[in-house]
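Chain by chain, the residues run as shown.
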Amino acid sequence: MEIQHYCYTRGYNIDYGNFSYPSNISDAVCRHVRSMARAILDDEKKDLLIPKWMLVKKGGVVVWGVCAYNRSLCKEKDKDREGRPIRGFFGVVISDVHGARVRVPFDIQYFKELYAREVEGYWDQREQHKNRTVGFIEGTYHYVEAVSGVVSGRLNADMFVCRSLGNVDKDGVVAEALALDEVSLVIDNDNLEQVTEPGCAFMNCLSKGVAPGEYPVKQKCPSCERYVSRFGDLGVCESCEKENLEKQREEEEMDKQMKKELENTQRKVRNLEFEIKTYERQLAQKQRWVKILGGLVILLFVMLAYTCRDESKIFDDKKAGATTTESIEEGDFVKQDTIF
């Protein structure tokens, strides 16, 4: 659990903004808290004579503080260049509170000291600065600690409803709210509009100016950013949910088609592989037959060569015999001529 502080206000030289901003929460959370605070600070119908206490607890982060005129916290350095009174939100930011027993300072004196540290000392600055006050400010201040069952069943956790709690113990409401996982609360709001503005509506308010009861509110759809009265199971408005479901069905249908095409392709590949293996076997058989036939041809050539050689020898022998006979006959004829 880490404790820092946040001051949304203006100084002598810079306009309204994150005058002193914490580093233990994201920019998105900081913007959300700022928009919730501005719903109270920007209400021109009321003049913030009574400070408004604000609590936002969500996603393991607790932001607790006061919306007020700066003069409620400081007698000097509380007006702009035109002499107009400055207002702001001054809060404690506690991060990573999962499973921890949280407490917050429900004491205006605490935030006067915070103002002295984080605003007065930087009054003439021209740029925003990071929070320097880490951890709770030391001193004797009134704290409220998270306790369940103090005002059991009175707090609302539906973001599309703002419940006005009526005349309830403030410390008990804060203690109960700190024990919930997600909740938002304003104490001493002047009117209903301050806590039901679209996009920055609170779940609960404790005020003499608003009759007890439940009031419907709208929230911004995270998908289309329209202000709607209800989210579906997917955490978006019904239109976006319908579009998402249709898109999901289309994707599923596409996945089925792609799966079918993949199966067909795989089947074709298997068939091709079978045909290739068949051709390979046939080719191997042909190659074996070619080798066998080649061997037979070579053998025939050898046999033919031997046969031709034998026939040539016989022919030569016959030819030689014929020559001898002719020689004998010629010799005999010569002899006969000699006799006669």
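Our structure's up above, just so we're on the same page.
Just so you know, these numbers come straight off a predicted model, no measurement behind them.

So, about the sheet that holds strand E4 (residues 61-69). Two strands in a sheet stick together by hydrogen bonds in their backbones, pointing the same way (parallel) or opposite ways (antiparallel). The sheet built from 10 strands is open, its strands ordered E7-E2-E1-E5-E4-E3-E10-E11-E9-E12 with mixed pairing. Two strands bound the open sheet, and with one partner strand each, they are strand E7 (129-130) and strand E12 (213-216).

Attention shifts here to unusual backbone geometry. Notably, Asp96 is not glycine yet its phi reads approximately 55°, a positive angle. Structurally, Asp96 is set in the loop between strand E5 (87-95) and strand E6 (103-105). Positioned with a positive phi, Asp188 is a non-glycine residue whose angle comes to about 70°. Structurally, Asp188 can be placed in the loop between strand E10 (183-187) and helix H4 (193-196).

Membership of the largest hydrophobic core comes to 43 residues, with the highest contact counts inside it found for Trp64, Phe90, Phe111 and Val174. Sorting the residues of this core by element identifies strand E1 (2-9), strand E3 (52-58), E4, E5, helix H2 (108-118), strand E8 (143-145), helix H3 (170-179) and E10 as the ones contributing at least two each. With 5 residues, H3 is the largest single contributor of residues to this core. Within the second largest apolar cluster, 27 residues are counted, among which are Ile25, Ala37, Val56 and Ala201.

Calculation notes
- Residues numbered from 1 in each chain as written.
- Predicted model: local features only at pLDDT ≥ 70, side-chain atom pairs only at ≥ 80, totals over all residues.
- Heavy atoms only, no water.
- Pairing = 2+ DSSP bridges.
- Helix = DSSP H or I, 4+ residues; strand = E, 2+ residues; numbered from the N terminus.
- Core = buried A, V, L, I, M, F, W, Y, C linked by side-chain atoms within 4.5 Å.
- Buried < 20%, exposed > 50% of the residue type's maximum accessible area, 1.4 Å probe, protein only.

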